[in-house]
Amino acid sequence: MADQRLYFLLQRAAHQLRVAADRRCMGAAGITTAQLGALFVVQEQPGVTQQELAHALGQRESAITSMVTRLVDAGLISKRTHPKHYRAIALDLTTSGKQALERVRPVIQDFNDQMRAAIGADAFDATAQALAKLDRWFTTTD
């Protein structure tokens, strides 16, 4: 009989996958997967505020503040005054941030390919769709 403790299995798998992905991202570009997520958002939304970044990543602003500080200190993103909101700071990728993303992309693609091979293409796609539904369900019922 299949294990029906879905939440436990998701937590355990997420932890193991995060550790493995972090190891790979650190090796390729010196960044964690959490930082990678932030860099992707900043790349997709140049000038994003810390508040918007926190919302996009589903994190508290206090956690994002310290992450942004680390990314600025590492030279991966820059801060500037927001053009419309005088109290907000706009975030942009630096050249080093763009290079870090380029170095890590093939690593993440390979990791996804390995997961796809481990569970099969159909299960991989179905799992991705199911997790996206759970994410949408949670954000609408929270």
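Residues numbered from 1 in each chain as written. Predicted model: local features only at pLDDT ≥ 70, side-chain atom pairs only at ≥ 80, totals over all residues. Heavy atoms only, no water.

An unreviewed UniProt entry annotates the protein chain as MarR family transcriptional regulator of Kibdelosporangium aridum.

### With respect to helix α1 (residues 6-29)
An α-helix turns once per 3.6 residues; consequently, residues spaced three or four apart project the same way. Compared with the 34 Å implied by 1.5 Å per residue over 24 residues, the 33 Å span of α1 between its first and last C-alpha is a close match. Of all the positions in α1, only A20, A21, C25 and A29 are classed as buried. Packed against the buried residues of α1 are α2 (33-44) and α5 (95-119). Looking one or two residues beyond α1, the residue adopting positive phi is G30, at roughly 70°. (Helix = DSSP H or I, 4+ residues; strand = E, 2+ residues; numbered from the N terminus. Expected span 1.5 Å × (residues − 1). Buried < 20%, exposed > 50% of the residue type's maximum accessible area, 1.4 Å probe, protein only. Contact = heavy atoms within 4.5 Å.)

### Quick notes on the sheet that holds strand β3 (residues 89-93)
Read across the open sheet, the three strands follow the order β1-β3-β2; overall the sheet is antiparallel. Edge strands, defined here as strands with exactly one partner in the open sheet, are β1 (48-49) and β2 (77-81). Sheet topology note: the β1/β3 ladder contains two bridges and is antiparallel. By the bridge assignment, T49 is partnered in β3 with A90. (Pairing = 2+ DSSP bridges.)

### Comments concerning the pattern of salt bridges
With the rule as written, the count across this model stands at three salt bridges. Among the salt bridges present, the one from D113 reaches R116, with a minimum N-O distance of 3.1 Å. With a gap of three residues between them, D113 and R116 both fall in helix α5, about one helical turn apart. (Salt bridge = Lys/Arg side-chain N within 4 Å of Asp/Glu carboxyl O.)

### Describing the environment of M67
With respect to the helices and strands, the residue M67 is situated in helix α4 (residues 61-73). Under the relative-accessibility criterion, M67 is labelled buried at 8%. In sequence terms M67 and Q114 are 47 residues apart; their C-alpha atoms lie 29 Å from each other. Once residues within four sequence positions are removed from consideration, M67 is found in contact with A34, Q35 and A38.

### Some details on the nonpolar core
I31, L39, L53, L71, I77 and L91 are the most contacted members of the largest nonpolar core, which has 22 residues in total. Mapped by element, the contributors of at least two residues to this core are α1, α2, α3 (50-57), α4, β3 and α5. Among the elements that take part in this core, α2 stands out by supplying five residues, more than any other. Contacts of L91, omitting those with residues within four sequence positions, involve V42, P46, G47, V48, T49, Q50, L53, V68, I77, S78 and K79. (Core = buried A, V, L, I, M, F, W, Y, C linked by side-chain atoms within 4.5 Å.)

### What about the packing of α1 against α5?
A pair of packed helices is characterised by two quantities: the angle between their axes and the separation of those axes. Running from N to C, α1 and α5 point in directions that differ by 145°, and their axes come no closer than 9 Å. Note on packing geometry: the crossing formed by α1 with α5 is right-handed. Counting all contacts with α1, which are made through L17, A20, A21, R24, C25, A28 and A29, the residues of α5 involved are A100, R103, V104, V107, I108, F111, Q114 and M115. For the contact of α1 with α5, the per-class residue count stands at 12 nonpolar, one polar and two charged. (Axes fitted to C-alpha atoms, helices over the stretch in contact; angles between N-to-C directions. Left-handed = near helix turned anticlockwise from the far one by under 90°. Nonpolar A, V, L, I, M, F, W, Y, C, P; charged D, E, K, R; others polar.)

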